[in-house]
Each structure stands twice: as structure tokens, then as C-alpha cells.
Amino acid sequence: MTLYTSLAGRVVFISGGSSGIGADLVRQFAAQGCTVAFCGTKPDGGRELIESIVAQGAPAPIYAACDVRDAPAYQALLKQVIAQAGPIRVLINNAGRDDRHTMEEVTPEFWDDRLALNLKHYFFATQAVAPAMALAGGGSIINMGSVSWMRGRPNLAGYTTAKAGILGLTRTLARELGARNIRVNAVVPGAIVTDRQTTLHRDPAADQAFLDAQCLKIRLNPGHVSRVTLFMASDDSDGMTGQHVLVDAGIAQTSVMG
């Protein structure tokens, strides 16, 4: 990993940081010397991750359990982190779930839940951290997207609709917050190998299908996403805002090109 000196000492908050891409982000920002706070759904969900980070000699991150769908409770948690650690200078909106479902299975309640879990909390987290971030001199907000909506993936309508909405949210907030020196960008992963994806969806045929669809013939892992996210959070990318940065080995390009 590149060491970004501008990140040292900055307070970073990562939603959905207990597993998968989020857990790797927690590890990598801690290794940069950041004060890292993150949330997950389980009361003890961050324990093993924190212990592994401390064993590597990095400061212990701050963990709290929170349902990001509960906007008032989530905003209260973010304000507690600010009171405890200082202004959040890097916000990574990462929490979400890509549960499969057919069109016929979707109820109005399920639809609202998918948007709350994959999009709504991005906005309300930004609303909560932006004032202190601006007073501290600005910062970087990174929304975690997905190429699934670009590819028109089936059985994911709730998820892909939310992830497509992140494009509009990112561009609008970049315009709205730019005068406060707050940058808003999206990092857009492709097919990433995580423990959850391996358990639920991965087999040799699925691996080959992804390799066939990608320009690069490698399976991507969370580290590919973390390295780009570190750059987007650092001052090295201080001229970039309102952007969607794809980390997908070219799978979206091959989808568009046929």
C-alpha cells in the first residue's frame, strides 16, 4: 500500500466495516495512521477485526453497532464519534446488501428496505458529518457504488436501483458541498471476491463467467478497492470530485460493448 502522509491523524468513518470490503478498508486506513471508526450490525461485530489491527501495531479503531436504516440513530452515532474523536475528515458510505430476489417477490416494504439499506443512509450520514468537516477545513466523502446496475444484473432490482441512485447523489452533493472544500466521489467495485460472495455465489463456473466478461483476467479482491479508496480519500486526489471511479477489471466496459 502507498503511504499517504495527508491521511495521518485524520478521523475516518466507515459504515459496514465489519466484513468484506469494509473490513479491508478499516485495516488499510488504520495502517495509514488514521483514527478509524466504523459500524456494523452486531454488538461484538468489530472485536476480532480490532484485535487483529492492534496486533499489527496500529491504534484500536472505534466500533459501534448500528442499523444504518434508522437515520436518527445513525446520525446520533456519527455525532458521538465527532464528539469523541474530532471532526470526521473522511466518510466512506459502504454499508449495503445485494440479496437476490425476483421481481414477483418484491413487496412495497421490501423495496423501501432495499433503498434504505443501500442508498438512504448515504445522504443522512453526509448531512450529519458535513458541518464539522467543513469547519475543519474540508474533507472527502466516498460513496461505494456497484457496476451491477450498469450491467443490468437480474434479480437485484432493489439493489441496482439504489446503486444507480448513488451516481446522482454523488454528483449533486459534489456540487452542493464543493464550496466548503468537501469532495464527494464514488468508488464503484465490480465482482469482488469476499467471504460472503464465496459462501453464497462462488463456484468455478461463476469465476469463469466473470473472467470471460472482464478485460483483465483476474479475480478482484477487497484490496483492489481499498487502494483506490485510499487515493480518493487523500489529498493526492484533491482535484477530483463528482466522479465515479470504476474498479471492475473492465467488466462494465465489456457489458456496454457486448
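Coordinates for the structure precede this section.
What this report covers is the structure whose coordinates are included nearby. Here the structure is a predicted model, which is why all the values come from computation and not from measurement.

## Observations concerning helix H1 (residues 20-31)
Between its terminal C-alpha atoms H1 stretches 17 Å, which fits the 16 Å expected from 12 residues at 1.5 Å a residue. In terms of burial, H1 is largely enclosed, as nine of its 12 residues are buried. For H1, the full list of buried residues reads Ile21, Gly22, Ala23, Asp24, Leu25, Val26, Gln28, Phe29 and Ala30.

## Thoughts on the sheet that holds strand E1 (residues 11-15)
Read from one edge to the other, the open sheet built from seven strands follows the order E3-E2-E1-E4-E5-E6-E7, with strand pairing classed as parallel. Among the strands making up the open sheet, the edge pair consists of strand E3 (62-65) and strand E7 (244-247). Ignoring strand direction, the axes of neighbouring strands in this sheet form an average angle of 20°. As defined by bridge partners, E1 adjoins strand E2 (residues 35-40) across five bridges and the pair is classed as parallel. Of the residues in E2, the one forming a bridge with Ser15 is Cys39. Packed onto the sheet, H1 meets E1, E2, strand E4 (88-93), strand E5 (139-144) and strand E6 (182-189) and runs at close to 170° relative to E1. Across the sheet, helix H4 (residues 108-135) is in contact with E1, E4, E5 and E6; its angle to E4 comes to roughly 170°.

## Things to note about the side chain of Asn185
Mapped onto the elements of the fold, Asn185 is located in strand E6. Residue Asn185 is classed as buried on the basis of its relative accessible area, which comes to 0%. For Asn185, the side chain forms a polar contact with the main-chain nitrogen of Gln243, separated by 2.9 Å. Leave out the neighbours within four places in its chain, and Asn185 touches Ile141, Ile142, Asn143, Thr170, Met232, Met240, Thr241, Gly242 and Gln243.

## Considerations on the side chain of Ser146
Looking at where Ser146 falls in the secondary structure, it is placed in the loop between E5 and helix H5 (148-151). A distance of 2.8 Å separates polar atoms of two side chains, one belonging to Ser146 and the other to Ser148. With residues near it in sequence (within four places) discarded, Ser146 still touches Tyr159, Lys163, Val188 and Pro189.

## Examining the pattern of salt bridges
Following the criterion strictly, the structure yields 10 salt bridges and no others. We note a salt bridge from Asp113 to Arg69, for which the minimum N-O separation is 2.7 Å. One end of the pair, Asp113, is in helix H4; the other, Arg69, is in the loop between E3 and helix H3 (71-85), and 44 residues separate them in sequence. Arg69 gets classed as partly exposed once you look at its relative accessible area, which sits at 35%. The closest approach of N and O atoms between Arg114 and Asp113, which form a salt bridge, is 2.6 Å. Connected via shared salt-bridge partners are Asp67, Arg69, Arg97, Asp99, Asp113 and Arg114.

## A short note on the packing of aromatic side chains
A complete count under the given rule lists three aromatic pairs for this structure. Ring centres of Phe123 and Phe124 lie 5.1 Å apart, and the angle between their planes is 90°; on these two criteria the pair is classed as edge-to-face. Residue classification places Phe123 among the partly exposed positions, given a relative accessible area of 33%.

## Section: the packing of H3 against H4
Here H3 crosses H4 at 35°, and the two axes come no closer than 10 Å. Crossing angle aside, the handedness with which H3 passes H4 is right-handed. Across from Ala71, Tyr74, Gln75, Leu78 and Ile82 in H3, the residues of H4 making contact are Lys120, His121, Phe124, Ala125, Gln127, Ala128, Val129 and Ala132. Taken together, the residues that form the contact of H3 with H4 break down as nine nonpolar, three polar and one charged.

## A look at helix H9 (residues 222-233)
Spanning 12 residues, H9 covers 16 Å between terminal C-alpha atoms, matching the ideal 16 Å at 1.5 Å per step. All buried positions along H9 are accounted for by Pro222, Gly223, Val225, Ser226, Thr229, Leu230, Met232 and Ala233. Where H9 is buried, its residues contact H1, E4, E5, E6 and E7.

## Overview of the pairing of E2
The two faces of a sheet get side chains in turn, since along a regular strand they alternate between them. With five of its six residues buried, E2 lies for the most part within the structure. Where the polypeptide runs from E1 across H1 and back to E2, its parallel neighbour, the crossover connection is right-handed. Bridging between E2 and E3 involves four bridges; their strand directions are parallel. Bridge assignment links Gly40 to a residue of E3, and that residue is Ala65. After leaving E2, the chain enters helix H2 (residues 47-55) and then returns to the sheet as E3, a path that is right-handed.

Reading the values: the criteria
- Residues numbered from 1 in each chain as written.
- Predicted model: local features only at pLDDT ≥ 70, side-chain atom pairs only at ≥ 80, totals over all residues.
- Heavy atoms only, no water.
- Helix = DSSP H or I, 4+ residues; strand = E, 2+ residues; numbered from the N terminus.
- Expected span 1.5 Å × (residues − 1).
- Buried < 20%, exposed > 50% of the residue type's maximum accessible area, 1.4 Å probe, protein only.
- Pairing = 2+ DSSP bridges.
- Axes fitted to C-alpha atoms, helices over the stretch in contact; angles between N-to-C directions.
- Contact = heavy atoms within 4.5 Å.
- Polar contact = N/O pair within 3.5 Å; in protein donor to acceptor, adjacent residues only side chain to side chain.
- Salt bridge = Lys/Arg side-chain N within 4 Å of Asp/Glu carboxyl O.
- Phe/Tyr/Trp six-rings, centres within 6.5 Å; stacked < 30°, edge-to-face > 60°.
- Left-handed = near helix turned anticlockwise from the far one by under 90°.
- Nonpolar A, V, L, I, M, F, W, Y, C, P; charged D, E, K, R; others polar.
- Right-handed = clockwise from strand over helix to strand, strands pointing away.

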